[in-house]
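One letter stands for each residue in the lines below.
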Amino acid sequence: MAQHFLLSAKARTLSLKAVFRMGEDAAYRTFCELRWPDTEGEAVCPRCGCVEAYNIATRRKFKCVACHHQFSVTSGTIFASRKLSFTDLLAAIVIFVNGAKGISALQASRDLDVQYKTAFVLFHKLREAMARELADTKLEGTVEMDGAYFGGHVRPENRKEDRKDRRLAKNQTGKRQCVVIMRERGGRSLPFVVRQEGDAVPYVRDHVDTLAVVHADEASSWDALHAGWQTWRINHSLAYSADGACTNQAESYFSRLRRMEVGTHHHIAGPYLYAYAGEAAWREDNRRTDNGAQAMIVAGAAMDAAVSRQWKGYWQR
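Note that the structure is predicted; figures quoted are calculated from it, not measured. (Residues numbered from 1 in each chain as written. Predicted model: local features only at pLDDT ≥ 70, side-chain atom pairs only at ≥ 80, totals over all residues. Heavy atoms only, no water.)

**Student:** So what's going on with helix α3 (residues 105-112)? Residues and values would help.
**Tutor:** Of all the residues in α3, the buried ones are A105, A108, S109 and L112. Buried residues along α3 cover an arc of 105° about the axis, so they all sit on one side. Where α3 is buried, its residues touch α2 (86-98) and α4 (116-131). (Buried < 20%, exposed > 50% of the residue type's maximum accessible area, 1.4 Å probe, protein only. Helix = DSSP H or I, 4+ residues; strand = E, 2+ residues; numbered from the N terminus. Arc of directions from axis to C-beta. Contact = heavy atoms within 4.5 Å.)

So, in structure tokens, the structure goes:
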């Protein structure tokens, strides 16, 4: 039996030991090369685009020759106004990608010796940068889709006679949300957060090519798909796959997201559910990529992302 990719040496191309051994100067140079790949790390003015700049080495800043604007390698990116060193930033990214089921902000705060709030906001900035890869994505070929519900748990009463039927809407909290995944076989995964599974049909129209073949389960939410796509349905009460119809890759995504919820983050429902859903999709899409390449993908996406509107400034109250 072949060895699983994650157990092989090919999956390990960058370690925390290597990050801390490289030192601050090498880590800084890595971020410069990620910010300005076309000039091999040489500074480009973000205001006027001039490729000539003075290097203010004492402050790790640059001054544009043309417009005299002063900027740093993180100016205008999601890491703008950072306080962590470049070594710690790179180490945080490596810690983040190394968790197959994600990594909690609490554990990262201990590993990096920073406040929990620092690790929480930093990881959400990374998730925001990663989500930009999925913008305007159009799925083609064979697309599997399914939905799963998160949040809104109602704890049963202690005594049996006091317990209520939690399946009824009147006995629910109203906080339950549905994550719908659309996954192209051999391609990308697109997650969406909606109230009910059927609410995702408009998103299917926007993000799935009309020539695609759609696979879904027997839930009545997906009946509307037959009007626009060649649709295959599978009844999971009878089989996981039959006659070529299956949603196994969608189920694989939810398996990872459930493990993230139960084993790592514990509370992912609510206003940040979409961020964790996007992270799980990214991890599924890059599950056969070595951790060094994953770290560079995430770091490159962060250096290419603009200043976060949601995570800029003070702690979220």
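On we go.
**Student:** Got a sec to walk through the side chain of S109? Specific residues and values, please.
**Tutor:** Along the chain, S109 falls in helix α3. Exposure remark for S109: the relative accessible area of 7% places this residue in the buried category. Within the local environment of S109, its side chain forms a polar contact with the backbone oxygen of L106, the two atoms lying 2.6 Å apart. Once you skip the residues sitting within four places of it in the chain, S109 turns out to touch V114, Q115, Y116 and A119. (Polar contact = N/O pair within 3.5 Å; in protein donor to acceptor, adjacent residues only side chain to side chain.)

**Student:** Explain the nonpolar core to me, and be specific about the residues and the numbers.
**Tutor:** Counting residues in hydrophobic clusters, the biggest one holds 64 residues, and the most contacted among them are F31, F79, Y253 and L257. The element contributing the most residues to this core is α2, with 10 residues. When residues no more than four places from it in sequence are discounted, the contact partners of Y253 are V179, I181, R183, P191, A277, A280, A281 and E284. By size, the runner-up hydrophobic cluster in this structure holds 19 residues, among which are L134, V143, A212 and A216. (Core = buried A, V, L, I, M, F, W, Y, C linked by side-chain atoms within 4.5 Å.)

**Student:** I'd love a proper account of the sheet that holds strand β3 (residues 70-71), names of residues and values included.
**Tutor:** What the 3 strands build is an open sheet, ordered β1-β2-β3; its pairing is antiparallel. Every interior strand has two partners, whereas the edge strands, β1 (53-56) and β3, have only one. (Pairing = 2+ DSSP bridges.)

**Student:** I'd love a proper account of the environment of T137, names of residues and values included.
**Tutor:** Note that T137 resides in the loop between α4 and β4 (142-150). Of the residues examined, T137 reaches a relative accessible area of 14% and is grouped as buried. Here the alpha-carbon distance between T137 and R188, two residues 51 residues apart in the chain, equals 8.3 Å. With near-sequence residues (within four places) excluded, T137 lies in contact with R188, L190 and H207.

**Student:** Describe in detail the packing of helix α1 (residues 16-35) against α2, supporting the description with residues and values.
**Tutor:** Interaxial distance between α1 and α2 falls to 7 Å at its minimum, and their mutual angle equals 125°. With respect to α2, the element α1 is oriented oblique. Crossing of α1 over α2 shows right-handed handedness. Contacts between α1 and α2 involve L16, V19, F20, M22, G23, E24, A27, Y28 and F31 from the first element and F86, T87, D88, L89, L90, A91, I93, V94 and I95 from the second. (Axes fitted to C-alpha atoms, helices over the stretch in contact; angles between N-to-C directions. Parallel < 35°, antiparallel > 145°, perpendicular 65-115°, else oblique. Left-handed = near helix turned anticlockwise from the far one by under 90°.)

**Student:** Can you break down the state of the cysteines residue by residue, with the values?
**Tutor:** Per the stated rule, a full pass over the model turns up 0 disulfides. Looking at the unpaired C178, the closest cysteine sulfur is the one in C246, lying at 19 Å. Classification of C178 by relative accessible area gives buried; the value is 0%. (Disulfide = S-S within 2.5 Å.)

**Student:** Explain the pattern of salt bridges residue by residue, including any values.
**Tutor:** Counted under the stated rule, the structure contains 14 salt bridges. The partner of D165 in a salt bridge is R167, with the nearest N and O atoms 3.0 Å apart. Assessed through its relative accessible area of 71%, R167 is described here as exposed. Between D223 and R233 there is a salt bridge, with the nearest N and O atoms lying 3.2 Å from each other. Here R233 lies in strand β8 (residues 230-234) and D223 lies in the loop between β7 (213-217) and β8, a separation of 10 residues in the sequence. Here D223 falls in the partly exposed class, since its relative accessible area comes to 43%. If you follow the salt bridges from partner to partner, you end up with R29, E33 and E42 in one network. (Salt bridge = Lys/Arg side-chain N within 4 Å of Asp/Glu carboxyl O.)

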